[in-house]
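Structural overview
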Amino acid sequence: MNATQSLIAGALLLALASPFAALAQSNAKKPNAQAQASKKLYCWNEDGRKVCGDALPAHAVDSARTEISAKSGMATARVDRALTGEERAAAEQAAREARSAALAVEASKRRDRAMAESYATEQDLRNSFQERIVLLDETVKASQFGIAGRRQALLSLLRKAGEAELSGKPVGKTLAENIRGQHDELLHQQDVLKQQVLERSLADQDLTAALERYHALKSRAPGGG
């Protein structure tokens, strides 16, 4: 190969190598550029003063902080401080209560829809509630009769105890235990009756509220039916 051919070959190799060299340099620069773009600065409060750095120390991990892009200098995120155990428990309780309230509202809506679809007329709704009201009335009457009978039985035992004392005789153990048992059962039945009377009064309120909801639902139905 003469000198001219050698010169041409060297120029050709240089021309072919130049694009690859440029590409290699470009690829070598990319990681640095990406790292620079993703690099962040952190700013947080420490003992009443603002502290910033390019790394977050372990003691500041749970602190409120602002994250800043090192490239643009703009804030990219704000992280609240970590909650304490009590705060987490309170937040979880509030979330549970909110879910329960939402479920209760949805259940109420379902009941209203079912009521509107189940009763063609207001009288149908009244008849349905009337069955419950009649049952509650009968339950109250039965409890009242039971209390009256229990009271008579207790009075009878008390008279026996009084006659024994008047005659100078001691009240027997069995009689005394019967008196205590009848008295305790009478108090229990009276408490049950109070609860039954309350349920009976609430039944009237439930009927009134149901009628109001029924009328509202029917008025919103197509044609106001």
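Check the entry above for the structure.
Residues numbered from 1 in each chain as written. Predicted model: local features only at pLDDT ≥ 70, side-chain atom pairs only at ≥ 80, totals over all residues. Heavy atoms only, no water.

**Here we look at the overall build of the chain**
- Within the chain, the secondary structure is distributed over four helices and four strands.
- Taken from the N to the C terminus, the helices and strands of the chain come in the order α-β-β-β-β-α-α-α.
- Residues classed as buried in the chain amount to 18% of the 225 residues present.
- Carbon and sulfur atoms form 57% of the exposed surface of the chain, whose accessible area is close to 16500 Å². (Helix = DSSP H or I, 4+ residues; strand = E, 2+ residues; numbered from the N terminus. Buried < 20%, exposed > 50% of the residue type's maximum accessible area, 1.4 Å probe, protein only. Areas by Shrake-Rupley, 256 points an atom, 1.4 Å probe, with all protein chains shown as cover.)

**Side note on helix H3 (residues 122–166)**
- Between its terminal C-alpha atoms H3 stretches 65 Å, which fits the 66 Å expected from 45 residues at 1.5 Å a residue.
- Taken residue by residue, H3 has Leu125, Phe129, Ile133, Leu136, Val140, Ser143, Ile147, Leu154, Leu157, Ala161 and Ala164 as its buried positions.
- Taken from the residues just after H3, Gly168 is the one with a positive phi, measuring 80°. (Expected span 1.5 Å × (residues − 1).)

**Some details on the sheet that holds strand S3 (residues 65–69)**
- Reading across from one edge, S2-S1-S3-S4 is the order of the four strands in this open sheet, with antiparallel pairing throughout. The sheet terminates laterally at strand S2 (49–53) and strand S4 (75–79), the two strands that pair on one side only. Strand-to-strand twist in this sheet, taken as the mean axis angle between neighbours without regard to direction, amounts to 20°.
- Bridge count for strand S1 (residues 40–46) against S2 is five bridges, and the pairing is antiparallel. Pairing of Tyr42 across the sheet is with Gly53, part of S2. (Pairing = 2+ DSSP bridges. Axes fitted to C-alpha atoms, helices over the stretch in contact; angles between N-to-C directions.)

**Quick look at the pattern of salt bridges**
- Under the criterion given, the structure shown has six salt bridges.
- With a closest N to O distance of 3.1 Å, Lys40 and Glu67 form a salt bridge. Within this pair, whereas Lys40 is found in strand S1, its partner Glu67 is found in strand S3, the two being separated by 27 residues in sequence.
- Lys40 sits in the partly exposed class, given a relative accessible area of 30%.
- The class for Glu67 is buried, based on a relative accessible area of 11%.
- A salt bridge links Asp204 to Arg200, with the nearest nitrogen and oxygen atoms 2.9 Å apart. Of the two residues, Asp204 and Arg200 both sit in helix H4 (residues 173–220), four residues apart, roughly one turn of that helix.
- Looking at Asp204, the relative accessible area reads 35%, which means it is partly exposed.
- Connected through shared salt-bridge partners, Lys40, Arg65 and Glu67 make up one network. (Salt bridge = Lys/Arg side-chain N within 4 Å of Asp/Glu carboxyl O.)

**Looking at the pairing of S1**
- Where S1 meets S3, five bridges bridge the pair, whose relative direction is antiparallel. By the bridge assignment for S3, Trp44 is matched with Arg65.
- In sequence, S1 turns back onto S2 through a hairpin of two residues, with Asp47 there showing a positive phi of about 55°.

**Describing the packing of H3 against H4**
- Packing of H3 against H4 leaves a shortest axis separation of 9 Å and a crossing angle of 165°. Taken together, the axes of H3 and H4 are roughly antiparallel relative to one another. As H3 runs across H4, the sense of the crossing is left-handed.
- Residue classes in the contact of H3 with H4 are distributed as 21 nonpolar, 11 polar and 12 charged. (Parallel < 35°, antiparallel > 145°, perpendicular 65-115°, else oblique. Left-handed = near helix turned anticlockwise from the far one by under 90°. Nonpolar A, V, L, I, M, F, W, Y, C, P; charged D, E, K, R; others polar.)

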